[in-house]
Amino acid sequence: MDSQQDFLRDAMRRLNLTRDAFAERLGVRRRTLDTWLLPEASGEARAMPDMAQKFVSEILFREAEGHDAQKHHRPLAERMSADGRPQLLSVAQFERESLEELFRITDVMQPIARRHKVCRVLEGAVMGSLFFEASTRTRVSFGAAFSRLGGSVCDTTGFTFSSMAKGESIYDTSRVMAGYVDALVIRHPEQGSVAEFARATNIPVINAGDGPGEHPSQAILDMYTIQREFSRLGKLMDGAHIAMVGDLKYGRTVHSLIRLLSLYKGMKFTLISPSSLEMPAYLIELASTNGHVVEVSTSLQDLKGADVVYATRIQKERFAGENIEGYTPEFQVQKSLVDAVCKPDTIIMHPLPRDARAGANDLSTDLNLDPRLAIFRQTDNGIPVRMALFAVLMGVESQIARNLRDVTWRSPAFVGPDDAVFDTLD
Ligand code: NCD
């Protein structure tokens, strides 16, 4: 952990405690805890006593032991397997406990993702990606994640240049690829297709988006981002109010995300979309169970009170034959709306890409300098999350911590010129 502030925030997140409850657990006043949580540069910041630091580490250690006891020694890869194979096809493979275990492994990856450490546990392994649909971040971040663990990557993009254009079946393509590589990451325009690839091989397969179906790794990195943002803001996941905006019918990221959010307690979901692009009924039903509240709306005014606003792009490529207009300007999430309706600690998310073309009315760029905009923190978190997924599916997660070396090159403290102070790589 890099600083006292990160150490304490991380502890609160792992223990699922608010600032007040954490202060009580430590037996200190809330004001004292606040001074320990201030950035080191602030004049009011205080170093916490060694005793307090030891006490927090001890609580975390006991907590981790508790998790180990609960696991009954079944490895995570087994508990999140698909049909007994180490493959990630749907978020339905997760329970709250296994998701949070994956997040603890993701935390271990942070020093590598933030370019402080180098790790080569996947040296010699080859990952093959098959992308039959457009992608920048998913394809590159899976490749970068595998490479940062020491593996190498063979990329394939586009249907036209693959043998599937000559009529090869999914089964044959998948079996052939399994002979060449040690893990496969696949994006395909048809719902259910990645599961078909997965059935034809025993190597790890990750669904990187199957048409309007699912996009599990995106939803996992979104959940990880929400948890980190909440721990910075002193909020808990249980009872959070999440608003999803836009194309909720075809947007696979929100389909996966609402399922993962439903693993928590007492959630409130506000689903805002043009009426032709509503969230599928089976997902509304699923999200309405276990005491969650779901509100369906066509007005952005209903963002009021939300802790998270998750905007999405209109998935035009998915409804070529249908007559759907897209967003009118009243569906655009922009700064004046956020200032008028949202809270100072609401976070604004989007899976990206943002459609920046005139008339698209996607998430506005006028929020770029607003620290509530978490979109690049989401993309940055994609790396450690995808590293954690590979590590688990390939069985090397316990080797990471003892196989770290310092990096030899220099990186800027901030990768983006407009990054918020807490986006630093340090
Ligand atoms: C999304 C996707 O492909 O589903 N992009 C991504 O992977 N982050 C969202 C989109 O295309 O709108």
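Predicted, not measured: the structure shown is a model, and the values here were computed from it.

S.K.: Sorry, what's going on with helix α6 (residues 96-113) here?
M.R.: An α-helical turn contains 3.6 residues, so any two residues separated by three or four positions project in the same direction. Compared with the 26 Å implied by 1.5 Å per residue over 18 residues, the 24 Å span of α6 between its first and last C-alpha is a close match. At aspartate 107, α6 is bent by approximately 30°, the largest bend along its length, and proline proline 111 sits one to four residues beyond.

S.K.: Hey, could you run me through the site of the ligand in this one?
M.R.: Around the ligand, the neighbouring residues are Arg137, Thr138, Arg187, His215, Gln218, Arg252, Thr253, Arg313, Gln315, Pro351, Leu352 and Pro353. At 3.0 Å from a nitrogen atom of the ligand is found a main-chain nitrogen or oxygen belonging to proline 351. Contact with the protein chains hides 94% of the accessible area of the ligand, taken as 320 Å² for the molecule alone. Those elements that provide at least two residues to the shell around the ligand are α7 (137-148) and α11 (252-261).

S.K.: Quick question: what am I supposed to make of the domain arrangement of the protein chain here?
M.R.: Interface extent is often summarised as the accessible area lost during association of the parts. Along its sequence, the protein chain is carved into domain 1 (1-70) and domain 2 (217-376). Each of domain 1 and domain 2 has a C-alpha centre, and these two points are 31 Å apart. Facing the 6 residues of domain 1 at the interface are 8 residues of domain 2. Summed over both sides, the interface of domain 1 with domain 2 buries roughly 700 Å², with 52% coming from carbon and sulfur. Across the domain 1-domain 2 interface, the total number found is 0 salt bridges. Counting every contact that joins domain 1 to domain 2 gives 0 residue pairs in polar contact (both at pLDDT 80 or more). Residue composition of the side of domain 1 that touches domain 2, by class: 1 nonpolar, 2 polar and 3 charged.

S.K.: Can you help me understand the pairing of strand β8 (residues 293-297) in this one?
M.R.: Looking down a regular strand, the side chains alternate between one sheet face and the other. Taken together, the 5 bridges between strand β7 (residues 268-272) and β8 define a ladder with parallel strand orientation. Looking at the pairing, threonine 270 lines up with glutamate 295 of β8. Between the parallel elements β7 and β8, the chain passes through helix α12 (residues 281-287) in a crossover that is right-handed.

S.K.: What's the story with the pairing of strand β2 (residues 126-131) in this structure? I'm lost.
M.R.: Burial of β2 is extensive: 6 of the 6 residues sit out of reach of the surface. Residues Val126, Gly128 and Leu130 of β2 are buried on one face, and the alternating residues Met127, Ser129 and Phe131, pointing to the opposite face, are buried as well. The pairing of β2 with strand β3 (residues 152-157) spans 6 bridges and is classified as parallel. Opposite leucine 130, over in β3, you have threonine 156 as the bridge partner. Regarding the hand of the β-α-β motif, the stretch spanning β2, α7 and β3 is right-handed. Two strands pair when backbone bridges link them, and β2 and strand β4 (residues 183-188) are joined in this way by 5 bridges, in the parallel orientation. Note that in β4 the partner of methionine 127 across the bridge is alanine 183.

How each quantity is defined
- Residues numbered from 1 in each chain as written.
- Predicted model: local features only at pLDDT ≥ 70, side-chain atom pairs only at ≥ 80, totals over all residues.
- Heavy atoms only, no water.
- Helix = DSSP H or I, 4+ residues; strand = E, 2+ residues; numbered from the N terminus.
- Expected span 1.5 Å × (residues − 1).
- Bend = angle between axes of the 7 residues up to and from the residue.
- Near = heavy atom within 4 Å.
- Polar contact = N/O pair within 3.5 Å; in protein donor to acceptor, adjacent residues only side chain to side chain.
- Areas by Shrake-Rupley, 256 points an atom, 1.4 Å probe, with all protein chains shown as cover.
- Domains from an automatic or database assignment.
- Contact = heavy atoms within 4.5 Å.
- Buried area = accessible area lost by both parts, 1.4 Å probe.
- Salt bridge = Lys/Arg side-chain N within 4 Å of Asp/Glu carboxyl O.
- Nonpolar A, V, L, I, M, F, W, Y, C, P; charged D, E, K, R; others polar.
- Pairing = 2+ DSSP bridges.
- Right-handed = clockwise from strand over helix to strand, strands pointing away.
- Buried < 20%, exposed > 50% of the residue type's maximum accessible area, 1.4 Å probe, protein only.

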